[in-house]
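Here's the letter readout for the chains.
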Amino acid sequence: MSIGSIGTALSGALAQTQRLANSANKVANQRSTGAIPAVDGTVQPGQTQAFQPQSLSQTAVAGPNGQGQGTRVIARPITPAYIPEYQPDSTDANEQGLVAAPNVDPVTERVDQISSLRAFQANLATIRAQDELERSAIDALA
C-alpha cells in the first residue's frame, strides 16, 4: 500500500455514503405520490410532481498512466420513474383514479443499504491498515 491507498479508500467510503443516502432518500419518499405526468414529463398546475428516484452506479477513476485513483458515483434517473397506482381519493388522481407512485422496491433498497455499509466498513479497514503500517514504519525509525 502507498499513501494513495488512503485516498482511494476515502473515495470508496464517500461513494458508499452517497449510495446509502440515495437509498435512504428513496425509502423515505417511496409513498410520496403525485400526478401522472404528461408525455413531456410535466404535470398540470396545482398538481404534485411524484418523487423521481435515481439509480447510482460506481465507476473507477484512473490517472493519466492508468493507475487507480479512487472511485466516483454517477446518478441516473430510474426508468420508469413511476408506477401507476390506484388512489381515486387523491387530489392528484387522473380520471381513472391513478396516481404516479415512485418506482422504488424496498427489498432492493435494504439489500443496497447492507451492501453499502459493508463496502464502507471495508474502506475503513483499508485506512486502518495503512495507518498501522505507517505507525510501524515510524516506530522502526525511532
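As shown above, the structure is provided for reference.
Residues numbered from 1 in each chain as written. Predicted model: local features only at pLDDT ≥ 70, side-chain atom pairs only at ≥ 80, totals over all residues. Heavy atoms only, no water.

### Here's the deal with the overall build of the protein
Here is the rule: Here a strand is any run of E in DSSP of at least two residues, a helix any run of H or I of at least four, and the numbering for each starts at the N terminus. We take the radius of gyration over the C-alpha atoms and set the globule estimate at 2.2 Å times the residue count to the 0.38 power. In this scheme, a residue with accessible area under 20% of its type's maximum is buried, one over 50% is exposed, and one in between is partly exposed, where area comes from a 1.4 Å probe on protein chains only. For the accessible areas, the method is Shrake-Rupley and the probe is 1.4 Å, while residue cover comes only from the protein chains on display. A residue counts as positive if it is Lys or Arg and as negative if it is Asp or Glu; His and the chain ends are not included. Charge placement uses NZ in Lys and CZ in Arg. For Asp and Glu, CG and CD serve respectively.
Regarding its fold elements, the protein presents two helices and four strands. In the protein, the succession of α and β elements from N to C terminus is α-β-β-β-β-α. On C-alpha atoms alone, the protein measures out to a radius of gyration of 22 Å, which is more than a quarter above the 14 Å that the 2.2 N^0.38 rule sets for 142 residues. Each principal axis of the C-alpha distribution contributes one length, and for the protein these read about 80 × 30 × 20 Å. Considering the protein as a whole, with its 142 residues, one finds that 27% of them fall into the buried category. As presented, the protein carries roughly 9000 Å² of accessible surface, and 57% of it is formed by carbon and sulfur atoms. The average position of the 9 basic charges and that of the 12 acidic charges among the side chains of the protein differ by 8 Å.

### Quick notes on the pairing of strand E4 (residues 98-102)
Residues in a regular strand point their side chains to alternate faces of the sheet. Just so we agree on the cut-off: Here a strand pair is declared whenever DSSP counts at least two bridges between the two strands.
In terms of residue burial, E4 counts as a mostly covered element, since four of its five residues are buried. Looking at chain direction, strand E3 (residues 82-86) and E4 are connected through five bridges and run antiparallel. Paired with Tyr-86 across the bridge in E4 is Leu-98.

### Observations regarding the side chain of Lys-26
Threshold: Only heavy atoms matter for contacts: two residues are in contact if any of them lie within 4.5 Å across the pair.
Structurally, Lys-26 is set in helix H1 (residues 3-28). With near-sequence residues (within four places) excluded, Lys-26 lies in contact with Phe-51, Pro-53, Gln-54, Ile-78, Val-104 and Glu-109.

### Topic: helix H2 (residues 106-141)
The cut-off we apply is this: One fewer than the residue count of a helix, multiplied by 1.5 Å, yields its expected span.
Taking 1.5 Å of rise per residue, 36 residues should cover 52 Å, and H2 covers 53 Å from first to last C-alpha, within 8% of that figure. For H2, the complete set of buried residues consists of Glu-109, Gln-113, Ser-116, Asn-123, Ile-127 and Gln-130.

### Details of the pattern of salt bridges
Defined as follows: What makes a salt bridge here is a side-chain nitrogen of Lys or Arg within 4 Å of a carboxyl oxygen of Asp or Glu, nothing more.
For the coordinates displayed, the defined rule picks out four salt bridges. The closest approach of N and O atoms between Arg-19 and Asp-112, which form a salt bridge, is 2.4 Å. Here Asp-112 lies in helix H2 and Arg-19 lies in helix H1, a separation of 93 residues in the sequence. According to the relative accessible area criterion, Asp-112 is partly exposed, its value standing at 21%. When the shortest N-O distance is used, the salt bridge between Arg-135 and Asp-131 registers 2.9 Å. With Arg-135 and Asp-131 both in helix H2 and four residues apart, this pair spans about one turn of that helix. Judged by relative accessible area, which is 52%, Arg-135 ranks as exposed. Among the residues examined, Asp-131 registers a relative accessible area of 32% and is labelled partly exposed.

### A short note on the environment of Thr-48
Looking at the secondary structure, you find Thr-48 in the loop between H1 and strand E1 (54-62). Sequence separation between Thr-48 and Val-99 is 51 residues; the distance between their C-alpha atoms is 9.9 Å. The contacts of Thr-48, once residues within four sequence positions are left out, are Thr-33, Gly-34, Ala-35, Val-43 and Asp-92.

### What to know about unusual backbone geometry
A cis amide bond links Thr-79 with the next residue in sequence, Pro-80, at an omega value of -5°. Examined against the element boundaries, Pro-80 turns out to sit in the loop between strand E2 (68-77) and E3.

Interpretation note: all reported values are geometric properties and have no functional meaning in isolation.
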